[in-house]
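The chain contents come next:
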Amino acid sequence: MNHPVEILAGHVKNSISFFKHVVVSKHNFLSNRISRGSLTGRSAKYRPLACSHRDAAMQLSYRLTNIFIHRSKMPQTTPYSSKFNPSTYSSNHSHRQPVEENYGGLHYRDNKLVSGSLEALIQLLVPTVDYYPDRSYIFTFLLSSRLFLHPFELMSRVCYLCVDHHRVGDPQTDKKRIREIAPKIVQLLTEWTETFPYDFRDERMMRSLKEMTHRLAFGDELSRRAMQRLIQRLLRKLTTLGQYEESLATSSATAAAMDRPLALKSKQQLVRREECVLNLCDDPFVFAQQLTHIEMERLSYIGPEEFVRAFAQKRPSDNHKSLFSKRKASNLEAYVEWFNRLSYLTATEICMPVKKKHRARVLEFFIDVAQECFNIGNFNSLMAIITGMNMNPVSRLKKTWNKVNTDKFDILVHQMDPSSNFYNYRTALRGATQRSSTAHTSQEMIVIPFFSLFIKDIYFLNEGCVNRLPNGHINFEKFWELAKQVSEFLSWRQVICPFERDRKTLQYLISTPVFSEDELQLASYESEGPENNLERDTRRSLRSECFFENPCLRH
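Residues numbered from 1 in each chain as written. Predicted model: local features only at pLDDT ≥ 70, side-chain atom pairs only at ≥ 80, totals over all residues. Heavy atoms only, no water.

**Observations concerning the overall build of the protein chain**
Link 1 in the chain: When you go through the protein chain residue by residue, the secondary structure sums to 25 helices and four strands.
Link 2 in the chain: Residues classed as buried in the protein chain amount to 55% of the 555 residues present.
Link 3 in the chain: Taking the contacts inside the protein chain whose residues are at least 6 apart along the sequence as the reference set, 80% of them involve residues at least 24 apart.
Link 4 in the chain: On the protein chain, roughly 24,900 Å² of surface is accessible, and the fraction owed to carbon and sulfur atoms is 51%. (Helix = DSSP H or I, 4+ residues; strand = E, 2+ residues; numbered from the N terminus. Buried < 20%, exposed > 50% of the residue type's maximum accessible area, 1.4 Å probe, protein only. Contact = heavy atoms within 4.5 Å. Areas by Shrake-Rupley, 256 points an atom, 1.4 Å probe, with all protein chains shown as cover.)

**Describing unusual backbone geometry**
Link 1 in the chain: Of note in the backbone geometry, S420 takes a positive phi value of approximately 55° without being a glycine.
Link 2 in the chain: As for its placement among the helices and strands, S420 is situated in helix α20 (residues 419–437).
Link 3 in the chain: Judged by relative accessible area, S420 falls into the exposed class, the value being 63%.
Link 4 in the chain: Even without being a glycine, F422 presents a positive backbone phi close to 60°.
Link 5 in the chain: Inspection of the secondary structure puts F422 in helix α20.

**Details of the packing of helix α14 (residues 330–351) against helix α23 (residues 503–511)**
Link 1 in the chain: Contact pair α14 / α23: the axes reach a minimum separation of 9 Å and the direction vectors enclose 100°. Compared by their axis directions, α14 and α23 come out roughly perpendicular. Residue-level contacts link W338, R341, L345 and E349 of α14 to Y508, L509, I510 and S511 of α23.
Link 2 in the chain: Residue classes in the contact of α14 with α23 are distributed as five nonpolar, one polar and two charged. (Axes fitted to C-alpha atoms, helices over the stretch in contact; angles between N-to-C directions. Parallel < 35°, antiparallel > 145°, perpendicular 65-115°, else oblique. Nonpolar A, V, L, I, M, F, W, Y, C, P; charged D, E, K, R; others polar.)

**Side note on the confidence of the model for the protein chain**
Link 1 in the chain: Put simply, the protein chain has an average pLDDT of 79, and 72% of its residues get 70 or more.
Link 2 in the chain: In the model, residues 548–555 has pLDDT below 50 throughout and makes 17 contacts with residues more than four positions away in sequence or in other chains. (pLDDT = per-residue confidence, 0-100.)

**Points about the pairing of strand β3 (residues 112–116)**
Along a regular strand, successive side chains alternate from one face of the sheet to the other.
Link 1 in the chain: With respect to burial, β3 is a largely interior element, five of its five residues being buried.
Link 2 in the chain: Examined bridge by bridge, strand β2 (residues 106–109) and β3 share four bridges and lie antiparallel to one another. Residue pairing for β3: L106 is matched across the bridge by G116.
Link 3 in the chain: The antiparallel hairpin formed by β2 and β3 contains two residues in its connecting segment, where D110 sits at a positive phi of about 50°.
Link 4 in the chain: Summarising the sheet, β3 and strand β4 (residues 474–475) pair through two bridges and their orientation is antiparallel. (Pairing = 2+ DSSP bridges.)

**Points about the packing of aromatic side chains**
Link 1 in the chain: Within this structure, the stated rule accounts for 28 aromatic pairs.
Link 2 in the chain: With a centroid separation of 6.2 Å and 55° between ring planes, the pair formed by F307 and F451 is classed as tilted. Here F307, found in helix α12 (residues 304–309), pairs with F451, found in helix α21 (residues 451–466); they are 144 residues apart in sequence, far enough to count as distant.
Link 3 in the chain: For F307, a relative accessible area of 0% puts it in the buried group.
Link 4 in the chain: Here F451 falls in the buried class, since its relative accessible area comes to 2%. (Phe/Tyr/Trp six-rings, centres within 6.5 Å; stacked < 30°, edge-to-face > 60°.)

**A word on the nonpolar core**
Link 1 in the chain: Counting residues in hydrophobic clusters, the biggest one holds 144 residues, and the most contacted among them are F141, L209, F307 and F451.
Link 2 in the chain: What F307 contacts, discounting residues up to four positions off in sequence, is I302, L332, F451, F454, I455, I458, N462, V486 and F489. (Core = buried A, V, L, I, M, F, W, Y, C linked by side-chain atoms within 4.5 Å.)

**Description of the state of the cysteines**
Link 1 in the chain: Applying the stated rule across the entire model yields zero disulfides.
Link 2 in the chain: Here C159 is not disulfide-linked; the sulfur of C162 is the nearest cysteine sulfur, at 6.8 Å.
Link 3 in the chain: The class for C159 is buried, based on a relative accessible area of 7%. (Disulfide = S-S within 2.5 Å.)

**Thoughts on the sheet that holds β4**
Link 1 in the chain: The strand order across the open sheet built from four strands is β1-β2-β3-β4, with neighbouring strands paired in antiparallel fashion. On the outer flanks of this sheet lie β1 (100–103) and β4, each paired with one strand and no other.

**What about the packing of α21 against helix α22 (residues 476–493)?**
Link 1 in the chain: Two elements in contact, α21 and α22, have axes separated by 8 Å at closest approach and are oriented at 155°. Taken together, α21 and α22 sit at an angle that is classed as roughly antiparallel. Crossing angle aside, the handedness with which α21 passes α22 is left-handed. Along its contact with α21, which presents F451, F454, D457, I458, L461, N462, G464 and C465, the element α22 presents K478, F479, E481, L482, Q485, V486, F489 and W492.
Link 2 in the chain: When its residues are assigned to classes, the contact of α21 with α22 shows ten nonpolar, three polar and three charged. (Left-handed = near helix turned anticlockwise from the far one by under 90°.)

As structure tokens, this is what we get:
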């Protein structure tokens, strides 16, 4: 069985490389027709903004004079979007030498943490009576430290440093100290369980959490109750996550069982079904809204730790029996698989109609849906639809394409052009992000990135994080960069979809059978016959393989 990392990497590589291939091919055909005009639609209008690239920065503004800094007040926690200060990278230091300083295994440049030994970084995470770490540091270290040690190992170390390391043996003194530090321990564990709940699917993590509850009960009844409430919230969240993943698994199994026999039925029979897309929903705006519902629901269940664990090297401790190790990146995989499903669904719906005018109507419908997705800020569904429309079984239907005005499609292809590392798309994404940050409505806050490309970017950031510096230090500058990217994703994930749900359309999108690649190719040949001997041979071979018992598919 393939390792989850290999599976996910294969999904991402195939999605991006396939999209580049089909879009470049289509781009060559359409290059003389591309217009740079604006798109129109009934949704909130959005055009890519020609804004400069915002500096990807997120460093702390405080400095340490030793590992533990004395502070009189615990810091206020802030939302994800404001955890990182862009100005820390944007300052121009070209006219002076940066100030380099070292404190207890931590290296600072201009008061910003840039590297440190693993032990020193762990110490910086641990609260004391007079010190509590900045929330941005907590998030960044909890996210990326798993590249070097398992969360269970970090949890054990933190628990030891918080309580056991400072025991003096006198019950009264120990009880007083636990009472003083308990609120900060509770806050740290709250940050951990709220942001990285998947970590606690490991039974060892949950056991450590319960042990800490007993230790805090020794000195502080209020903190013990707070820990109990924390565990109750965590269990509810894990239950919800588990139910969601079970529903995904059930849907996938049902679709796999249904796809083959239903896909092999007659085209005429399928196109007259009540569930045919245009009979079910002929409004592109509503259809795009339902796609956005699915996208945002699946995004909401992706944990930030999955972005790191998906590409972390497998360690012996990962063999421990737990839900955590079994479901290393299942939600990431499911989301990439959704992209592939939508691409094949688009192609299936276009290839299925027997009559050319019906295929043209479906083609125009999906162009309008893609446009509405762009206006909403749903780039993942947009890219999936374009990918489906650029598959060879669809792109070869020249008679069908000739009946369609492709001006809007040409603009969309231009926006998602993969050249220059998807420069046009990245510009549009920055514009959508800026719109979201100043939004007055939930609809304006929606940002759904082209996920396979997002994963590719995360992969390269992970590569930078895992490489230590020559002095053995961990490169914390890379940690900040990864945390900035993932933190931005979390702000997108938290948006509540404002659109009304259409249950029939949602069910159709999730469960309706789709053609396989070979079945799509054969359906295309049945719609518009082969043009040369190679295509005729291919059709003959596909007929014998896929539709041997279904002669009604033949004209």
